[in-house]
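Observations on the model geometry
The chain contents come next:
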Amino acid sequence: MKDLYNPNTANYPRLKTDVCFADYDNEYTYTSTLGDAFRFVRLNQLTSRAHWKRFCDQFRYNTDNDTGWRGEFWGKMMRGACFCYSYFKDKELYDVLTETVKDMMTTADSFGRISSYPRDREFNAWDLWCRKYVLLGMQYYLEICEDDSLKEEIIASMCRQLDYIMTYIGQGKKEITKASCHWRGLNSASILEPTVRLYTLTKNESYLSFAKYIVDKGFTDVQNLIDLAFEDGLSPYQYPVTKAYEMTSCFEGLLEYYRITGEEKYKKAIIRFADKVLETDFTVIGCSGCTHELFDHSTVRQANTTNGAKMQETCVTVTLMKFFYQVHLLTGDVKYADAFETSLYNAYLGSFNTEKVIEPQITNTHPTWTMEALPFDSYSPLTSGTRGNGVGGLQYMPDNHYYGCCACIASAGIGLAPKMQFLTTHDGYTLNIYENGTIKTDFGKIEINGNYLIDGKVSVTVNVNEPKKFSLKLRNPSWSKKTALKLNGSPLTINDGYMTVTKEWQNGDKLELEFDMTIRVTRPIPYGEQVLMNEVVWSENYIVPVYDKEDENAKYHLALRRGALMLGLDDRTGKSPDTAVSLKLEKETVTEYSLTTAPYPHILALELTQTDGTKLTLTDYASTGKRWDIGNKTAVWLKTK
Ligand SMILES: [Zn+2]
């Protein structure tokens, strides 16, 4: 089954539709930031047998009889765990995942149904959404599974699950968009992705018909969102339903559907949707949504001080990373790799609960629950605020434990990093991320050394088992306005986007890159003419058209980027983000600064000179605010007045 996902095999189905491919045989070792992040996730989440057992039990005992979403936990975490396995390739993780996938199959009832909802309440609320995650979790496990008979068992289980669903959902039955009381059916329609993937595995035509049925419905019962994206008029925040990661998940399913059908309309709709998100709903840290978990014109409203505490959801960050990775595979366009990197090093790493804080909401409101720190936070502040503003998608489970949506999905973020880092193309390879470490691949290995996040200098050594001709594309990030590249000491021509080096590679060929690490100012985008958007009143799906609201204070903020990192102000440096900074700027860049240290773990710390001669310490935004309490404010949008 693994062959289906390996570009080195001739029957790889994506060869016709995609530009880049992740090679599942590659092996990665990271020696810096992302290596630490991987080990954190492995230790604090993925190898915990208690978690896996608990998440399976939600299906065994149908605990979502209160229309909950406990059933999403297993599949979300399984997907991330399988991605991470492709990095670790360690036996313990493999054994844990194999045990839990077998355990999950034992929760099927006599109909073959695996659902966290009892039968008399099925096909409502989050039931299909949760079943989608079970199917996806099993499908991603298949990519790492070494046991052929177990693979057959899993595929048979998935077929029984989907066959049961198709008995009750479809044309002339209960409509997919009516199989949920939320988001006009958007969450249920996202079952498109595993449906198409199961068709790819089995070639069972009824699954393709079911996929077509979902695509023809256009994801909601109020409007066809595929048509809206294809027509390219409205932006996602102006759609009648705006729930960000459910919608993105549907478009990921559409991308799988396009790969099977080759229908150009769908490719255009996917790319237009991705580009509208980047244009109108992508913040400086690489997430969407300033009001709860919705597309809401956040590119423009991100410096508003009126946005509230629940914003920039980690589920949205991770889903966007996965979606941009997929659109990058489809198009090879560097802008999606740039976006992925922004999300990875800023919003995503920021969500890691490295201080193991127990969410204040839990200690205050549910003191009798079993106290356990979740490995990830759910929301990220942009203007002055704190982390730790509630467990997104909080669910209590009968054994007195709790978990949340963001905590479960987040392992997929780090698991995607090696996939995105080094991709196979039709005539060679693409290197997208310059994290230190080694990539073992079919021709030999690539070694990356340097200090990409700190001084922008990176060396890439190509080790080949025997001389081999291929093109190596090196990403030139859009933030680097002046890049230098040398091959074995000789300067090469620089291009925007990708710098392609085509040659017969010899063992030990060395590329040296130097990126532009100028600290650049970003200012809020003026609102200009008021823009109509849809406001969705939480949980009732009641849609009210309103005008986007500008905050008078927004314009007195600025954000600073240095390389891949956004800079943040943490009050542990002695300066509160509630007070104004007064930076010495030259042509919207910071010229007077030096490397320093800060009183908390960080990737980068800088001391900047202010106009009155005083010093201001900033670190990478992802490392700020990690105490999650009111005494530890952070901001990426710095107040200037
Ligand atoms: Zn979430």
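Note on numbering: residues in each chain are counted from 1, in written sequence order. Per-residue local features are limited, in this predicted model, to residues with pLDDT of at least 70; the limit for side-chain atom pairs, both in listing and counting, is 80 or more; totals at the level of whole chains, interfaces and linings are taken over all residues. In computing side-chain properties, one takes all heavy atoms of the structure into account and sets aside hydrogens as well as water.

Time to look at the coordination of the zinc ion. For Na, K and Ca the donor cutoff is 3.2 Å, while for all other metals N, O and S atoms must lie within 2.8 Å; water is not among the atoms, so some sites may look incomplete. Coordination of the zinc ion by the protein involves Glu313 (OE), Cys315 (SG), Cys405 (SG) and Cys406 (SG), with metal-donor separations of 2.1 to 2.2 Å. Four donors are marked tetrahedral only if all angles between them lie between 85 and 135 degrees, whereas four are marked square planar and six octahedral if opposite donors are more than 155 degrees apart and the other angles lie between 65 and 115; the remainder are marked irregular. Coordination at the zinc ion comes from four donor atoms whose angles at the metal span 105 to 117°, giving a geometry best classed as tetrahedral.

A few words now on the packing of aromatic side chains. Ring pairs are drawn from Phe, Tyr and Trp, using the six-membered ring of Trp, whenever the two centres fall within 6.5 Å, and their geometry is named by plane angle: stacked under 30 degrees, edge-to-face over 60, tilted for the rest. Considering all chains together, one arrives at 45 aromatic pairs under this definition. Each ring, one from Tyr30 and one from Phe38, has its centre 6.0 Å from the other, and the planes form 35°; the classification is tilted. Of the two residues examined, Tyr30 and Phe38, each falls in the buried class. Ring centres 4.8 Å apart and planes at 35° place the aromatic pair Phe443 and Phe470 in the tilted group. Of this pair, Phe443 sits in the loop between strand E7 (437–441) and strand E8 (444–450) while Phe470 sits in strand E10 (residues 468–476), placing them 27 residues apart in sequence. For Phe443, a relative accessible area of 4% corresponds to the buried category. Counting every residue linked through ring pairs, the aromatic cluster contains Phe219, Phe251, Phe273, Phe282, Phe295, Phe323, Phe324 and Tyr336. The cut-offs for exposure are 20% and 50% of the maximum accessible area for each residue type, with area from a 1.4 Å probe on protein chains only; residues under the lower value are buried, those over the upper are exposed, and the others partly exposed. The helix and strand labels rest on DSSP assignments: H or I over at least four residues marks a helix, E over at least two residues marks a strand, and numbering proceeds from the N terminus.

Our focus in this paragraph is the sheet that holds E8. Backbone-to-backbone hydrogen bonds pair the strands of a sheet. The strands run either parallel or antiparallel. Strands were regarded as paired on the criterion that DSSP finds at least two bridges between them. Across the sheet, which stays open at both edges, the seven strands sit in the order E2-E7-E8-E9-E14-E11-E12 with antiparallel pairing between neighbours. The open sheet has two edge strands, strand E2 (27–30) and strand E12 (490–491), and neither has a second partner. Note that strand E11 (residues 484–487) and strand E14 (residues 509–514) share four bridges and pair antiparallel. Bridging from a neighbouring strand, Leu487 pairs with Leu511 of E14.

On to the domain arrangement of the protein chain. The extent of an interface is frequently quoted as the accessible surface area lost upon association of the parts. Residue ranges for the domains originate in an automatic or database domain assignment. One can read the domain layout of the protein chain as domain 1 (32–222) and domain 2 (423–514). Of note, the centres of domain 1 and domain 2, computed from C-alpha atoms alone, are 37 Å apart.

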